[in-house]
Amino acid sequence: KLMPREAWGSRLGLILAMAGNAVGLGNFLRFPVQAVQNGGGAFIFPYLICFLLMGIPLLFIEWSSGRYGGKFNNHSTPYIMDGMGNSKVWKYVGVFGIFTNIAVVAYYTYIESWSLVYILHSVVGTFKGLSQAEVAVFFNDYVGELSSYTWFPFETVFFYVLVLSLNIYILSKGLGGIEKVAKIGMPLLILFGVILAFRGLTLGESGKSDLFPDANAWDGLNFLWTPQFDSLTNPKVWLAAAGQIFFTLSVGMGTIQCYAAFIKANEDIALNAVSAGFMNEFVEVVLGSSIVIPIAAGYLGLDWVLKNAGFGMAFQTMPFLFQQWGETAAAFAGVLWFGLLFFAGITSSLAMGTPWMSFMKDEFGWGRNKGAWSFGMLALTMGLPTVLLYQFGVFDEYDYWAGTVSLVIFALLESVLFSWVFGIDKGWNEINEGSDIKIPQVYKFIIKYVTPLLLLFVFIGALISPYQNEWAENISSIMNGGNWVLDNSSIIKNISNFGLKEQFLLAHTDKEKSFIQDKIFY
Ligand code: PHE
Ligand code: NA
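Residues numbered from 1 in each chain as written. Chains lettered and ligands numbered in written order. Predicted model: local features only at pLDDT ≥ 70, side-chain atom pairs only at ≥ 80, totals over all residues. Heavy atoms only, no water.

A. Spotlight on the overall build of the chain. Helices and strands together make up the secondary structure of the chain, namely 23 helices and zero strands. Taken over C-alpha atoms, the radius of gyration comes to 23 Å for the chain, in line with the 24 Å a tight globule of 522 residues would show. Counting only C-alpha atoms, the chain reaches 65 × 60 × 50 Å along its principal axes. In the chain, which comprises 522 residues, the share counted as buried stands at 57%. Considering only residue pairs separated by 6 or more positions, the chain has 80% of its internal contacts joining residues 24 or more positions apart. Accessible surface for the chain amounts to roughly 21600 Å². Of this, 66% is attributable to carbon and sulfur atoms. In the chain, the 29 positive side-chain charges and the 37 negative ones have mean positions that sit 11 Å from each other. (Helix = DSSP H or I, 4+ residues; strand = E, 2+ residues; numbered from the N terminus. Rg over C-alpha atoms; globule rule 2.2 N^0.38 Å. Buried < 20%, exposed > 50% of the residue type's maximum accessible area, 1.4 Å probe, protein only. Contact = heavy atoms within 4.5 Å. Areas by Shrake-Rupley, 256 points an atom, 1.4 Å probe, with all protein chains shown as cover. Lys, Arg positive; Asp, Glu negative; His and termini not counted. Charge placed at Lys NZ, Arg CZ, Asp CG, Glu CD.)

If you want it as structure tokens, here you go:
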């Protein structure tokens, strides 16, 4: 049974959809925080090196694998990867590329729903005259952090379901729907970002007042952009940089392959992949670092930023700082900022819906309505725990396993499949077929050796990260017959403690608590 083959409407539509896939909440919420927490200017070099040696190669691998699969009418990673290797195992590896998306989309759409709600609250002036603490309380109330079990967060669940429904609706319209959203959302996102970045870059010391002494936006920018080389030997910084490159480029998730499977066999992928990748980097490195950090540093000072850098800044601090610009400007800035986040979010969550839909198509011949609805129901089932049990860290748990660990494993395996099983010569031909640019030959070598090796290092590093990332201390410790103390972020430790944290939080008596605590592996 052959269904009519879908294809992208235009090259511009494809590039914007792919850029929309990559440009997401990661660019505005995750990048600045990672950069600050990893030493600002010390983060940038490892980050750029990871972009060139892992990011770009993985983009080439995923775009070309996807288009290759599309030639056989395969559109999901299990089928695409199955067609590239002889062993059945690759089909199961490909399943990674479906479930990570469902787990990530569950919390990703939750943040999208916050953005939507915050647009509305900015317009109606909810944050007017609130102190910073009050803005933070508003957020905590919204996510139910102060709630008890008897409380049901109707507004929160309503907007979550609304955003999911919007995603389902657009996905049910097929590629055309995704293209349309990208063509509207991406230009607006960039426009909004440029306006806010201009404010961030020109704020200077204008934040200085009785309320905000000694603050300067330039401190934030200098901190981010003064290169420092001392951290080049720190594995922690490298792991963080690699993790950010993965997340921000959407590699290791299977979404790029799905989108690329709809590219016609003789059409360019090399230039398209590089264009979408660089567009993401522009939005991340230029716009992503010119908004939250300088504005927060401009009012609250760099020290405050260093101490409070976190995901909460976007929702707990920005609406308060916007108030300093006066009522109308604050409403306007709120719409720009949360509108930008909403567009960044939805163009990415749509991408996360396609792997499931394509797999249902490949495996059972499902059409896009059935595919989109079943995806929405799955996302809802996974997402409700995030919404209702936010304060128990369900969100972080998903992000750790689906948004971090599984990307690295999947990317490592797919790079081995591409270069060593499918074969680098065939792979290189796939990448260059129909290409509008000449890729430097050195990338053939990088894809074959450097990328898989780096991925292996990243994986091992994540497996055994030592306590507080004190690598040097732990290495000398085991050389002297001592112990290797694992960090809370190490994969080994997280596997052995799986579920115990939740059990601990739900335990009622002290006896139960101490019983569970004894089982937790430190
Ligand atoms: N790249 C997106 C971001 O930066 C996240 C994402 C990951 C989107 C994987 C799709 C697939 O936010
Ligand atoms: Na991104």
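Back to the text.
B. How the structure looks around the coordination of the sodium ion (ligand 2). Within the protein, the sodium ion (ligand 2) binds to Ala-22 (O), Asn-27 (OD1), Thr-248 (O), Thr-248 (OG1) and Asn-280 (OD1); these donor distances fall in the range 2.2 to 2.6 Å. Here the sodium ion (ligand 2) binds six donor atoms, and the angle range of 79 to 170° at the metal identifies the geometry as octahedral. Within one chain, the residues serving as donors to the sodium ion (ligand 2) are arranged as A-x4-N-x220-T-x31-N. Residue Asn-27 is located in helix 2 (residues 25–37), and its partner Asn-280 is located in helix 12 (residues 270–287); the two are separated by 253 residues in the primary sequence. The exposure class assigned to Asn-27 is buried, which follows from its relative accessible area of 0%. Using a relative accessible area of 0% as the deciding quantity, one classes Asn-280 as buried. (Donors = N, O, S within 2.8 Å, 3.2 Å for Na, K, Ca; no water. Tetrahedral: all angles 85-135°; square planar, octahedral: opposite > 155°, others 65-115°.)

C. Inspection of empty space enclosed by the protein at higher detail. Inspection of the entire model under this criterion finds five cavities of 30 Å³ or more. Roughly 140 Å³ of internal volume is contained in the largest cavity. For the largest cavity, the lining is made up of 16 residues, of which Asn-21, Phe-247, Ser-250, Met-253 and Met-352 are closest to its centre. At the level of elements, helix 1 (11–22), helix 2, helix 5 (89–124), helix 10 (235–249) and helix 16 (327–364) are the ones that each hand at least two residues to the lining of the largest cavity. Ranked by residues supplied to the lining of the largest cavity, first place goes to helix 10 with three residues. Looking at the lining of the largest cavity residue by residue, the class counts come to eight nonpolar, eight polar and no charged. (1 Å grid on protein atoms, 1.4 Å probe; cavity = no way out; pocket = protein on both sides within 12 Å on 5 of 7 lines; lining within 4 Å. Points joined across faces, edges and corners; volume = space filled by probe spheres on them. Nonpolar A, V, L, I, M, F, W, Y, C, P; charged D, E, K, R; others polar.)

D. Seen up close, the side chain of Thr-347. By secondary structure assignment, the location of Thr-347 is in helix 16. Within the structure, the side chain of Thr-347 is placed 2.8 Å from the backbone oxygen of Phe-343, a separation counted as a polar contact. Within polar-contact distance, the side chain of Thr-347 engages the backbone oxygen of Ala-344 at 3.3 Å. Setting aside residues no more than four positions away along its own chain, Thr-347 makes contact with Gly-20, Asn-21, Val-23, Val-181, Ala-182, Met-186 and Tyr-259. (Polar contact = N/O pair within 3.5 Å; in protein donor to acceptor, adjacent residues only side chain to side chain.)

E. Quick peek at the pattern of salt bridges. All chains considered together, the criterion is met by twelve salt bridges. Between Glu-363 and Lys-91 there is a salt bridge, and its shortest N-O distance comes to 3.6 Å. In this pair, Glu-363 sits in helix 16 while Lys-91 sits in helix 5, placing the two residues 272 residues apart along the sequence. For Glu-363, a relative accessible area of 32% gives the class partly exposed. In this structure, Lys-444 and Asp-425 form a salt bridge, with 2.8 Å as the shortest nitrogen-oxygen distance. On the criterion of sequence distance, the pair formed by Lys-444 in helix 19 (residues 442–464) and Asp-425 in helix 18 (residues 394–432) is long-range, its members being 19 residues apart. Taken together, the shared-partner salt bridges connect Arg-67, Lys-71, Glu-430 and Glu-433 into one network. (Salt bridge = Lys/Arg side-chain N within 4 Å of Asp/Glu carboxyl O.)

F. Looking closely at the site of ligand 1. The full set close to ligand 1 counts 14 residues, and Ala-22, Gly-26, Tyr-108, Phe-247 and Ser-250 are the nearest of them. In this structure, Gly-26 approaches ligand 1 through a main-chain N or O atom, which is 2.7 Å from an oxygen atom. In the complex, the protein chains occlude 100% of the 320 Å² of accessible area that ligand 1 would expose alone. Taken atom by atom, the bulk of ligand 1 overlaps the largest cavity. Looking at the shell around ligand 1, the elements with two or more residues in it are helix 1, helix 2, helix 10 and helix 16. (Near = heavy atom within 4 Å. Sits in = over half its atoms within 2 Å of the grid points.)

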